[in-house]
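# Analysis of the macromolecular model
Spelled out from the first residue to the last, the chains are:
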Amino acid sequence: MKRIRLTPLFFRRVHKWVGLILGLQFLLWALSGSVMALLDKDKVGGHGGGMSHAHPLPAGEYFDVAALPRGEAVTGVVLRDLGTRPVYEVQSAKGVRLVDAATGADIRVDAAMAREVAAMMNEAPIREVSVLAKANLEARDHEGAMWRVDFADTENSSAYVSLDTARFLVMRGDTWRTWDFFWMLHNMDYVNRKSFNHPLIIFVAFGALWLSGTGFYLLFKSFSRADFRWLRRRRKPVVSRSIA
């Protein structure tokens, strides 16, 4: 077996190929960072027609909270609005259910309700409504089943509404999708697009550190004594003699 000699020639060859591979990633970092910086931050936020859709809860009598358990162990109750309609959000071991705060009737979060909630966030015509069993990449910061409401606007916006609580989750559009693609290239998380502490980017970071170290090593090895000859060329001091 031929022994590998750690000579400047060996480091130069490895440095060349590692530099080529990492150089491509450096180019992607620069490109993706530039694109994300150039995109309109308001469109990247993708919140459509405004985030504020709360209304003052109407005055009057509300359904007795003590009657909400209905044979199940309730762990929490939240009174909130659903448009202009007061509702209870009842939490138990079985999950979350909505109850009309005025009548006590259970509320089913169907496609019509998803349309109603999404329409509060975007005034464009609705093109399609579909249900997702779990979050996709666009709604990855949220959990559980949800409705996706697609709008026929210039951004091809999509609103996501919780299937359990009818809460508006997030709005995404084409500008955000472009940003998210370049974000994936930037943080090198090609699966979940969330973390920048995954093994691949850590490996590349140490590769860049190694590339810098070997680059300095090869830089100093490329010099010879002749390159520093000019430092030794000093003019001899002129000694003046006085004649008495």
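Residues numbered from 1 in each chain as written. Predicted model: local features only at pLDDT ≥ 70, side-chain atom pairs only at ≥ 80, totals over all residues. Heavy atoms only, no water.

### Brief notes about the packing of aromatic side chains
Rule in force here: Aromatic rings from Phe, Tyr and Trp, taking only the six-membered ring of Trp, are treated as a pair when their centres fall within 6.5 Å; an angle between ring planes under 30 degrees marks them as stacked, one over 60 as edge-to-face, and anything in between as tilted. Buried means the residue's accessible area, taken with a 1.4 Å probe over protein chains only, is under 20% of the maximum for its type, while exposed means over 50%, and partly exposed covers the values in between.
By the definition in use, this model includes 3 aromatic pairs. Plain terms: the ring middles of phenylalanine 181 and phenylalanine 182 are 5.3 Å apart, the flat faces sit at 85° to each other, and that makes the pair edge-to-face. Take phenylalanine 182: its relative accessible area is 15%, and that puts it in the buried class.

### A few points about the sheet that holds strand β2 (residues 85–92)
We apply this condition: Strand pairing requires that DSSP identify at least two bridges connecting the strands. Only runs of H or I of at least four residues qualify as helices and only runs of E of at least two qualify as strands under DSSP, and these elements are numbered from the N terminus.
Taken in spatial order, the 4 strands make up an open sheet running β1-β2-β3-β4, and their pairing is antiparallel. Single-partner strands in this sheet number two, and they are β1 (74–82) and β4 (106–107). Pairing analysis gives 2 bridges linking strand β3 (residues 95–100) to β4, with the strands arranged antiparallel. Considered in β4, the bridge of leucine 98 is made with isoleucine 107.

### A short note on helix α3 (residues 111–119)
Keep this limit in mind: Here the arc refers to the directions that run from the helix axis out to each C-beta atom. By definition, residues are in contact when any of their heavy atoms lie within 4.5 Å.
Inspection of α3 places Met113, Ala114, Val117 and Ala118 among the buried residues, and these make up the whole buried set. Across the axial projection of α3, the buried residues extend over an arc of 135°, all falling on one side. If you follow the buried residues of α3, they end up packed against β1, β2, β4, β6 (146–151), β7 (158–162) and β8 (168–172).

### Notes on the nonpolar core
Here is the rule: Residues grouped as a nonpolar core are buried Ala, Val, Leu, Ile, Met, Phe, Trp, Tyr and Cys residues, joined through side-chain atoms within 4.5 Å.
Counting residues in hydrophobic clusters, the biggest one holds 19 residues, and the most contacted among them are Leu82, Leu98, Met113, Phe151 and Ala159. Elements supplying a minimum of two residues to this core: α3, β6, β7 and β8. A total of 4 residues in this core trace back to one element, the largest contributor, which is α3. Alanine 159 has contacts with Ala118, Trp147, Arg148, Val149, Phe151, Phe168, Val170 and Met171, leaving out every residue within four places of it along the chain.

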